[in-house]
Amino acid sequence: MTFRCAIGRSLLGALLWTAVAVVSGSAETFPDFESQWRNPASDRAGWDPSKPAGSAQQAPLTPEYQAIFEASLRDQAAGGRGNNYQSSCVLDGMPRLMNLVAPMEILIQPGLTFFIFKNAFARRIHTDGALMPAGEPPSYQGYSTGKWVDEDHDGRFDVLEIETHNFKGPRALDASGLPLHKDNQTLVKERLFLDKNDKDILRNEITTIDKAFTRPWTVGKNYQRVHNPRWSEYHCQPPSNAVFIGLDEYRLGPDGRLMPLYDNQPPPDMRYFKPPQAR
Amino acid sequence: MKNRMQETFDRIATGLKVLFALLALAIAGVPAAARDTLYPDLASQWRNPTAGRGGNPWDPNKPMGLGQQAPLTAEYQAKFEASLKAQKEGGQGSSRGSTCEIAGMPKMMNFAEPMEIVIRPKVTYFIPMQVPARRIYTDGRDWPADEPPTLGGYSIGKWIDQDGDGRYDVLEVETRNFTGPRVFESTGLPLHEDNATIVKEKIYLDRNNSDILHDEITTIDNALSRPWTVDRIYLRVRVPLWIEKNCHESNPHLTIGREEYFLSADNKLMPVRKDQPPPDLRHFKQPQ
């Protein structure tokens, strides 16, 4: 009798537990974003993937920033890096990070969604409704707040709307050095949702509002789901023959001595070394 | 007799709970609420209390360097002492920190910067602030045959319900398949260059304080005369602040050829030792 009671209690408890879990499962309201995502476009693609990189992007730059961009293109044509600081492993930051030159994984939690990148630090999207905390230091990734939207009213969220601000720089939109304003007052708005006809495509509509532009600039990016992902290890390392002193770039010669990157580049400042007679 | 029967009932009850839990997970596609009741609460930010206090010793109960009393073989003890000597003279020794390369396992569990843990049934993620995430596969997979070796290695884990209450409480992890060089701490405490390291971890919440997370890390390595176990501790931060920090930007160390230098706060080259000459600028047209 005691045995029967105990088993009965156990069964009842277990069934209740199962019911709770299944009911909560039916209330699972987030879309199927949890996966590895890749951008099929090449890493040299421009910010707007529907147009070639460089001037052909037809970015709505102000005259001042158009001139900065053209100087960057000229510098790159001459062998420099222009406004593309990636070679010194400065973080891409937002919105360039969402180019996904390497794969990304999304993890959704009720108040926080993670974008985990192979080649960058994780991005946190705060979806708990809280404002950015006071004193939050500016960063390349900025501070992201998000909101899940049930656009088709089927009881399940289908769009993640994100706003990101509180930046530091310098940041560029792509490898050509397409610039953002140095005041770092950028506001990035994103809408992420699965393609209606193909759940293996994640769409990201990104609108960048920045004083380097004459108007908000919206581009659409598509990420492809990878069903059996593998993750390789990546960590940014500058080219072995590159030497960065602050934001100035130099080269290491075959003889191990410092060399200029371009003609007439001045040597680095040596004020902290004692002159030979003082050593 | 009664106690034995009660024990049997308890075991059956636990078994049924786990069985129905798994059934529920299968039906409901692993809903968040089920995950929350099956796995321990590891949410929020975790910080290493020994970080940022002028060092980050591998065994947190002992001072860095020789004070660690690491069970090194004679060969690797000599390498370690050479590293310490080089550092005393202003160099980096065997420490890889100045290169901004990933520390790799097991040093990456030092967590000089805070991290967050996310649990999914098939993968547990350690998401640090400063380096890419660590994935621990808990889906029962075997060691892959063609995985390229990495500094972080390949981690396979298993959740254990040690106290039989129907809820997992310990994550056991084994990590293999390494490349190198790797060290335990910034003093250059070395691992063997054959990279045949095996790292075993037991990760669990402290029984008396659920805001303390233990990671018992046992390192088996040919640089060591015996397996070396340390108990690393992380403290939960309920209201976390995440500060972006890029090693390459905050790294004041610079190497030109074979010479090491230091970058000043105003981004100018500085000597790392007394009377160190400046780099040879003969390739520049107007050397200062």
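Everything below is about the structure shown above.
Residues numbered from 1 in each chain as written. Chains lettered and ligands numbered in written order. Predicted model: local features only at pLDDT ≥ 70, side-chain atom pairs only at ≥ 80, totals over all residues. Heavy atoms only, no water.

**Student:** Just checking my understanding: could you explain the pairing of strand S3 (residues 112-117) of chain A for this structure?
**Tutor:** Along any regular strand the residues' side chains alternate between the sheet's two faces. All names here are of chain A. Most of S3 is tucked away, with six of its six residues classed as buried. Because side chains alternate across S3, one face comprises the buried residues Leu112, Phe114 and Ile116, and the other comprises Thr113, Phe115 and Phe117, equally buried. Across six bridges, strand S2 (residues 104-109) lies against S3 in antiparallel orientation. Considered in S3, the bridge of Ile106 is made with Phe115. Linking S2 to S3, which pair antiparallel, is a turn of two residues. Bridge analysis of S3 against strand S4 (residues 123-126) gives four bridges, and the strand direction is antiparallel. (Buried < 20%, exposed > 50% of the residue type's maximum accessible area, 1.4 Å probe, protein only. Helix = DSSP H or I, 4+ residues; strand = E, 2+ residues; numbered from the N terminus. Pairing = 2+ DSSP bridges.)

**Student:** Is there a simple way to explain the sheet that holds strand S10 (residues 253-256) of chain B in this structure?
**Tutor:** Strand pairs in the sheet, formed through backbone hydrogen bonds, run parallel or antiparallel to each other. Residue and element names in this part refer to chain B. With respect to topology, three strands assemble into an open sheet ordered S10-S11-S12, the strand pairing being antiparallel. Two strands lie at the open edges of the sheet, namely S10 and strand S12 (269-271), each paired on one side alone. Neighbour-to-neighbour, the strand axes of this sheet turn through a mean angle of 50°, independent of strand direction. Of the pairings in the sheet, the one linking S10 to strand S11 (residues 259-263) comprises four bridges and is antiparallel in character. Directly across from Ile256, in S11, lies its bridge partner Glu259. (Axes fitted to C-alpha atoms, helices over the stretch in contact; angles between N-to-C directions.)

**Student:** Where do I start with the packing of aromatic side chains in this structure?
**Tutor:** Aromatic rings considered in pairs are described by the distance between their centres and by the relative angle of their planes. In total, this model carries 16 aromatic pairs over all chains according to the counting rule given. Ring centres of B:Tyr39 and B:Tyr168 lie 5.4 Å apart, and the angle between their planes is 40°; this geometry places the pair in the tilted category. Within this pair, whereas B:Tyr39 is found in the loop between helix H2 (32-38) and strand S1 (45-47), its partner B:Tyr168 is found in the loop between strand S5 (154-160) and strand S6 (170-176), the two being separated by 129 residues in sequence. We classify B:Tyr39 as buried; its relative accessible area is 7%. Among the aromatic residues, those joined into a ring-pair cluster are A:Phe30, A:Phe33, A:Trp148 and A:Phe157. (Phe/Tyr/Trp six-rings, centres within 6.5 Å; stacked < 30°, edge-to-face > 60°.)

**Student:** Even after reading the chapter, I still don't get the pattern of salt bridges, so can you show me in this structure?
**Tutor:** It is possible for side chains of opposite charge to pair when their charged atoms get near one another. Tallied over the entire structure, the rule returns 34 salt bridges over all chains. As a salt-bridge pair, A:Glu34 and B:Arg120 come within 2.6 Å of each other at their nearest N and O atoms. With A:Glu34 in the loop between helix H1 (2-26) and strand S1 (36-38) and B:Arg120 in the loop between strand S2 (115-119) and strand S3 (123-128), this residue pair bridges two chains. A:Glu34 sits in the partly exposed class, given a relative accessible area of 30%. Overall, B:Arg120 belongs to the buried group, its relative accessible area being 6%. For B:Lys274, the salt bridge identified is with B:Asp275, shortest N-O distance 3.7 Å. Put simply, A:Glu151, A:Glu161, A:Arg191 and A:Glu205 are held in one network by salt bridges that share partners. (Salt bridge = Lys/Arg side-chain N within 4 Å of Asp/Glu carboxyl O.)

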